[in-house]
Structure formats: structure tokens, C-alpha cells
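The chain contents come next:
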Amino acid sequence: MSLIEEVDKSRLPRHVAIIMDGNGRWARSRGEDRSEGHREGVVSVRKIVEAAVAVGLKYLTVYTFSTENWSRPDEEVKALMSLMAAAIYRETPDLMKNNVRLMAIGDMTRLPEDVRDTLSECIRQTSVNTGTTLALALSYSSRWEIVQAVGRIVDDVQNNIITIEDMDENLFSLYLTTCNLPDPDLLIRTGGEKRISNFLLWQLSYAELYFTDVYWPDFREDEFYEAILSYQRRERRFGKTGDQLIKS
């Protein structure tokens, strides 16, 4: 039996988030330039999106470029931006074919104009699609997002749009860039590191965490399905006891 056949499609996580780590180390282990790792990493993104579509996953978010990544060498950042624009343009027809809707979260103002334009056009074209939603976290950090949300809340309080008494977790979530996404049920991090790295800190409060030593360029369909199977073997209690879950 193949791994996808083992997945219980009635108990899928609604939203999977992925920290795609290990491109540079994958390249170095082969004596290649880091850029080769990033290029092969794009292939993995394509394969995982196809796997998500095949299994019927509703939401997939991938940590594509963090706010901290802007501090990398200029040459590498420029190469990443060029690769990103080319990949989005090239993948748009397949996203349409697979009924995938693209969206993006993060500080888009920092992206080069060609990347913003290509991204906006892909988002526009795929907005009619009703299958898997693929969210790219671009120029994103969770602390940036939370600070931005607090600033907008302060503005709305000062403009009498909301009051302090109105504020609760649900209202606060509406001010985040992920307001149109459910919180992730499963976080996958590749590459062997075991940390969150300023990614969806608010939204991951109750997510199941899955860490693998596999570098992102080697993370393909079977690795993705194994992560989902691991999720399905866990008991999610949300603060309750196991006995309470059985009784409910």
C-alpha cells in the first residue's frame, strides 16, 4: 500500500504550514553552490503542492522568505528574488490546472517590483480556483505581523471603530495577515532544526509539530504523507484530558 493510500482523508489537518529548511546545506553536501539548493527547493514546492491537491488538503502555507532573510548577502537575495519571480510565473498554469488558489502574507512593500507584479498577477488569475489554497509567506516574520496588528488596533481604537472592551482573541486574529486562513493544525520543519524561527507564533498555539532531518530539496510526496500520518496518530486534546475527549 502506498503512503497516500494509508492517509485517512476524513481526518486530514485542515491547514499545514511548512518551514522549508536545508536548501544551502543540501547544496554544500553535494559540492554545489547554494543557488542549486534553492532551485531544487522550488521543485519540492511543486511536488508538495501536487501532493496536497492529491490528498485533498484545504490550506498549505510555506515559509518562502523571512524578514530576517533580507540580511543575507545581496547577491544571494537578488538570486532568490529572481528565482521567485520566475517560479511564480512558470507555475501559474499548473496552479490553474490543479485548481489551486494562491495568496501571500508578509510585507510585500519590500519585494522588488517585478516580484510584486508577477505575484499579484498569479493571485488574480488563481482567485477563481476553489481547491487547495497555497499561501506564500514572503518577507514575513511573526513579530512584524503582531506589531503591525497592534498598530492597526490602536488606530481603530483612536478612530472609535472598536473599543478596548471589544478586544478578544478572535478580534485580534482579524488584524493579522492570516485573517483569511484557519490556524495551522500541523507544522512541518525540514532540515533537522527544531525551532519555530519567528513563523506564525500566534497561529501555531495548538498546532502539532513535526520535525524531520530531511533537507527541503529531498522532501517530496512520501515525506509529506508520512508527516500527515504522524499527525493522524496523535491525540489532540486542546487542554482537555483523554477521558474528556472519549466522553465527548
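Described below are features of the structure shown in this document. (Residues numbered from 1 in each chain as written. Predicted model: local features only at pLDDT ≥ 70, side-chain atom pairs only at ≥ 80, totals over all residues. Heavy atoms only, no water.)

For the rest of this paragraph, the subject is empty space enclosed by the protein. One pass over the full model with this rule turns up one cavity of 30 Å³ or more. By volume, the largest cavity amounts to about 30 Å³. A class-by-class count of the residues in the lining of the largest cavity yields four nonpolar, four polar and one charged. (1 Å grid on protein atoms, 1.4 Å probe; cavity = no way out; pocket = protein on both sides within 12 Å on 5 of 7 lines; lining within 4 Å. Points joined across faces, edges and corners; volume = space filled by probe spheres on them. Nonpolar A, V, L, I, M, F, W, Y, C, P; charged D, E, K, R; others polar.)

Left-over empty space is what a probe sized like a water molecule reveals as it rolls over the atoms. Estimates place the volume of the largest pocket at around 990 Å³. Taken together, 42 residues line the largest pocket, and the ones lying closest to its centre are Met20, Asn23, Tyr63, Thr64 and Phe65. Only helix H2 (23-28), helix H3 (34-55), strand S2 (59-66), helix H4 (74-97) and strand S4 (133-140) provide two or more residues apiece to the lining of the largest pocket. By residue class, the composition of the lining of the largest pocket is 19 nonpolar, ten polar and 13 charged. Empty space within the second largest pocket amounts to approximately 350 Å³. If you go around the second largest pocket, you meet 18 residues; those closest to its centre are Glu169, Ser173, Asp183, Trp202 and Gln203. When its residues are assigned to classes, the lining of the second largest pocket shows nine nonpolar, five polar and four charged. (Helix = DSSP H or I, 4+ residues; strand = E, 2+ residues; numbered from the N terminus.)

The strand order across the open sheet formed by six strands is S3-S4-S2-S1-S5-S6, and the pairing between neighbours is parallel. Strand pairing shows two members of the sheet lacking a second neighbour, strand S3 (101-105) and strand S6 (208-211), which therefore form its edges. Each neighbouring strand pair of the sheet contributes to a mean axis angle of 20 degrees, computed without reference to strand direction. Direction of pairing for S2 relative to S4: parallel, over a ladder of seven bridges. For Leu60, the partnering residue across the bridge sits in S4 and is Leu134. (Pairing = 2+ DSSP bridges. Axes fitted to C-alpha atoms, helices over the stretch in contact; angles between N-to-C directions.)

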